[in-house]
Amino acid sequence: MQRIVVLLALTGCLLGLVQGVSLAAEKFQVDAAALAKLAFEPPKTEQEKQYLGLSGTEKFTLPRIKARVIVVEVFSMYCPICQAEAENVNELHRLVESDAALKGKVKFLGVGAGNTPFEVNVFREKFNVAFALVPDDGFQFQKVSTGVLKTPTFVVLSTDRRKGLTVVETHVGRLGDVTKYLKTIKKAMKGS
Amino acid sequence: MAEHGKRFAYREIIVIVTGLCLLAGAWAQGRSAGLDKDIYDPGKMKPTASQTKLKVGDAAPDFSLPDISGNAVKLSEFRGKKNVILSFIPAAWTPVCSQQWPGYNIARAFFEENDAVVLGISVDNTPTLYAWTNQMGDLWFPVLSDFWPHGAVAQSYGVLREDGVSERAIFIVDKQGTIRYIDVHDINTMPRLEDLIGELKKIGK
């Protein structure tokens, strides 16, 4: 009798553990096809619009961005980790801009999760962000993802007229050594 | 007698093993629930759970509270010098709160343009606030502990909730010590920065 109790208890525990671990490890994934349909507010400045190859004041979708590879950073002006990471991301952007093979073909887009245009602009000015930032006040990005959206999250996307938008890599949290991440971007360029 | 002892030990082992396993399962699930590994997610809460009697035009109740460096900060010290934003947050280590002050931290220029200072207030004790605000970077404004008598300042502003945490509330107090703006916000959501800055601009220097 006692053995049965022990066995039952152990089985129950094991199930609990597996369930817990699998929930904790629920992988964050973006549905690229759904993301391609999301309409974002255009960035505030003309410079940012030109950078993305956009014009006008209407909302835009990611496939309209003039790029072979899009690096999306989902951030929040309020997120202290995003603030601490801002200079590192700027550095990554500078590396891309100074590489003739990547400049003009790889575009960076910051998506401010839960942020208003005003809040996104505070972040842009504070950290002198040279790429485009747009607000996502309604947390749309979460709606096209599985797993909990944490900030910052980086998604490298390949654009292709035939295949459409595809996810090359997703990274949650700080980037660390950006020269390593540059390799991921170059890999995405080769595949696109 | 010896057999009885053996059976007892056996039962104890069962209880201990079961307990440990359950704990391990709960730990793994807890980590997934929060936005970050250190953030506790209380789930969706009742938007507000108190009723302030204060209104715009009233004199702001004065108080003195310790900041995380151990200095006492008195509201009336700012009289004639600065507009003061009192930012009550419900609790340390919870999702929205953990980002609200880092937001104010990088918006410093907007507050200074309007001759304003932020006083962050929480009912947590000083050591908790110290550890929590450490991961926000260097905050330019004081963080005050309204721990003891528990939540007394939150109470005097009518924003202490029934469960002992405070509302997510903002009071703007002008240089004359008069309340110019009150936002007892939905505890689950972030007050918009532009709303706060807009109200500050109305008061001016």
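The rules behind the values
- Residues numbered from 1 in each chain as written.
- Chains lettered and ligands numbered in written order.
- Predicted model: local features only at pLDDT ≥ 70, side-chain atom pairs only at ≥ 80, totals over all residues.
- Heavy atoms only, no water.
- Helix = DSSP H or I, 4+ residues; strand = E, 2+ residues; numbered from the N terminus.
- Buried < 20%, exposed > 50% of the residue type's maximum accessible area, 1.4 Å probe, protein only.
- Contact = heavy atoms within 4.5 Å.
- Areas by Shrake-Rupley, 256 points an atom, 1.4 Å probe, with all protein chains shown as cover.
- Pairing = 2+ DSSP bridges.
- Axes fitted to C-alpha atoms, helices over the stretch in contact; angles between N-to-C directions.
- Salt bridge = Lys/Arg side-chain N within 4 Å of Asp/Glu carboxyl O.
- Phe/Tyr/Trp six-rings, centres within 6.5 Å; stacked < 30°, edge-to-face > 60°.
- Lys NZ or Arg CZ within 6 Å of the ring centre and 35° of its normal.
- Arc of directions from axis to C-beta.
- Core = buried A, V, L, I, M, F, W, Y, C linked by side-chain atoms within 4.5 Å.
- pLDDT = per-residue confidence, 0-100.
- Polar contact = N/O pair within 3.5 Å; in protein donor to acceptor, adjacent residues only side chain to side chain.
- Parallel < 35°, antiparallel > 145°, perpendicular 65-115°, else oblique.
- Left-handed = near helix turned anticlockwise from the far one by under 90°.
- Nonpolar A, V, L, I, M, F, W, Y, C, P; charged D, E, K, R; others polar.

*Asks:* Sorry, what's going on with the overall build of chain A here?
*Replies:* Along chain A, the regular secondary structure elements total seven helices and seven strands. Each helix (α) and strand (β) of chain A, taken in turn from the N terminus, gives the series α-β-α-α-β-α-β-α-β-α-β-β-β-α. Buried residues in chain A amount to 48% of all 192 residues. For chain A, restricting intrachain contacts to residue pairs at least 6 apart in sequence, the fraction spanning at least 24 positions comes to 66%.

*Asks:* What exactly am I supposed to notice about the overall build of chain B here?
*Replies:* For chain B, the helix and strand inventory stands at six helices and seven strands. Across chain B, helices and strands are ordered from the amino to the carboxyl terminus as α-β-β-β-α-α-β-α-β-α-β-β-α. Nonlocal contacts in chain B, meaning residues at least 24 apart in sequence, comprise 70% of its contacts between residues at least 6 apart. For chain B, the exposed surface amounts to about 10200 Å²; the carbon and sulfur share of it is 57%.

*Asks:* Mind showing me how you'd approach the sheet that holds strand 4 (residues 116-122) of chain B here?
*Replies:* Sheet strands pair by backbone hydrogen bonding; their relative direction is either parallel or antiparallel. All names here are of chain B. Taken together, the five strands give an open sheet; going across it, the order is 5-4-3-6-7, and neighbouring strands pair in mixed fashion. The sheet terminates laterally at strand 5 (143-145) and strand 7 (179-185), the two strands that pair on one side only. Sheet twist, expressed as the mean angle between neighbouring strand axes with direction ignored, is 20°. When strand 4 meets strand 5, the two strands line up parallel, connected through three bridges. In the strand pairing of strand 5, Ile 121 is matched with Leu 144.

*Asks:* Explain the environment of Ile 89 of chain B to me, please; I cannot follow it from the model alone.
*Replies:* Residues and elements named next belong to chain B. Relative to the helices and strands, Ile 89 resides in the loop between strand 3 (83-88) and helix 2 (97-106). For the pair Ile 89 and Val 123, spaced 34 residues apart in sequence, the C-alpha separation works out to 8.2 Å. Not counting residues within four places of it along the chain, the set of residues in contact with Ile 89 comprises Cys 97, Gln 100, Trp 101, Ile 121, Ser 122, Trp 132, Ser 166, Glu 167 and Arg 168.

*Asks:* I would appreciate a short explanation of the pattern of salt bridges in the present structure.
*Replies:* Opposite charge on two side chains lets them pair, provided their charged atoms get close. As enumerated under the stated definition, the model contains 18 salt bridges over all chains in all. The shortest N-O distance in the salt bridge between Lys 202 of chain B and Glu 199 of chain B comes to 3.1 Å. One end of the pair, Lys 202 of chain B, and the other, Glu 199 of chain B, are both in helix 6 (residues 193-203), three residues apart, so they sit about a helical turn from each other. Taken together, the shared-partner salt bridges in this structure form one network comprising Glu 87, Glu 91 and Arg 94 of chain A.

*Asks:* How do you make sense of the packing of aromatic side chains when you look at a structure like this?
*Replies:* Each aromatic ring pair is specified by the distance between its two centres and by the angle formed by the two planes. Under the defined criterion, the tally for this structure stands at 16 aromatic pairs over all chains. Their ring planes at 40° and their centres at 4.6 Å tell us that Phe 75 of chain A and Phe 123 of chain A sit as a pair that is tilted. Of this pair, Phe 75 of chain A sits in strand 2 (residues 69-75) while Phe 123 of chain A sits in helix 5 (residues 117-127), and the two are 48 residues apart along the sequence. Like Phe 123 of chain A, Phe 75 of chain A is buried. Taken together, Trp 101, Tyr 104, Phe 111, Trp 132, Trp 140 and Phe 141 of chain B form an aromatic cluster joined through their ring pairs. Over the ring of Tyr 51 of chain A we find Lys 107 of chain A, and its NZ or CZ is 5.5 Å from the ring centre.

*Asks:* Hey, could you run me through helix 4 (residues 126-134) of chain B in this one?
*Replies:* Given 3.6 residues per turn, any residue in an α-helix points the same way as the ones three and four places further on. Residues and elements named next belong to chain B. Of the positions making up helix 4, those classed as buried are Leu 129, Trp 132 and Thr 133. Projected onto a plane normal to the axis of helix 4, the buried residues spread over an arc of 90° and lie on a single side. In helix 4, the exposed positions that point more than 90 degrees away from the buried face belong to Pro 127 and Asn 134. Close packing links the buried residues of helix 4 with helix 2, strand 4 and strand 5.

*Asks:* When you look at the sheet that holds strand 2 of chain A in this model, what are you seeing that I'm missing?
*Replies:* All names here are of chain A. Strand order across the open sheet formed by five strands is 4-3-2-6-7, with mixed pairing between neighbours. One side of each edge strand has no neighbouring strand; the edge strands of this open sheet are strand 4 (132-136) and strand 7 (166-172). The mean angle between the axes of side-by-side strands here comes to 20°, regardless of whether they run parallel or antiparallel. When strand 3 (residues 106-113) meets strand 4, the two strands line up parallel, connected through five bridges. In the strand pairing of strand 4, Val 111 is matched with Val 134. Packing of helix 5 onto the sheet brings it into contact with strand 2, strand 3 and strand 4, and relative to strand 4 it is tilted by some 150°. Against the sheet, helix 7 (residues 178-191) touches strand 2, strand 3, strand 6 (153-158) and strand 7, its axis set at about 170° to strand 7.

*Asks:* Explanation requested: the nonpolar core in the structure shown.
*Replies:* As a rule of thumb, nonpolar side chains are buried together in soluble globular proteins. Of all hydrophobic cores here, the largest spans 109 residues; its most connected members are Leu 62 of chain A together with Leu 86, Phe 111 and Tyr 157 of chain B. When neighbours within four sequence positions are excluded, Tyr 157 of chain B is seen to be in contact with Thr 52, Leu 54, Ala 60, Pro 61, Phe 63, Leu 75, Leu 86, Phe 88 and Phe 171 of chain B.

*Asks:* Honestly, the confidence of the model for chain B in this entry has me stumped. Any pointers?
*Replies:* Do not read the predicted coordinates in detail wherever pLDDT is low. Averaged over every residue, the pLDDT of chain B is 85; the share at 70 or more is 82%. Predicted confidence is poor over residues 15-35 of chain B, with pLDDT under 50, and the contacts of this stretch with residues over four places away or in other chains come to 27 contacts.

*Asks:* Could you clarify how one ought to interpret the side chain of Lys 175 of chain B in this entry?
*Replies:* Position of Lys 175 of chain B relative to the elements: it lies in the loop between strand 6 (168-173) and strand 7. Polar side-chain contacts of Lys 175 of chain B include one of 2.7 Å to the side chain of Asp 115 of chain B.

*Asks:* How do you make sense of the packing of helix 4 (residues 80-97) of chain A against helix 7 of chain A when you look at a structure like this?
*Replies:* Two quantities define a packed helix pair, namely the angle between the axes and the distance from one axis to the other. All names here are of chain A. Axis separation between helix 4 and helix 7 bottoms out at 10 Å; the angle between their running directions is 50°. Viewed along their axes, helix 4 and helix 7 adopt a mutual orientation that is oblique. As for how helix 4 packs across helix 7, the hand of that crossing is right-handed. Taken together, the residues of helix 7 that come into contact with helix 4 (itself represented by Asn 88, Glu 91, Leu 92, Leu 95 and Val 96) are Val 178, Thr 179, Tyr 181, Leu 182 and Ile 185. Here the contact of helix 4 with helix 7 is composed, by residue class, of seven nonpolar, two polar and one charged.

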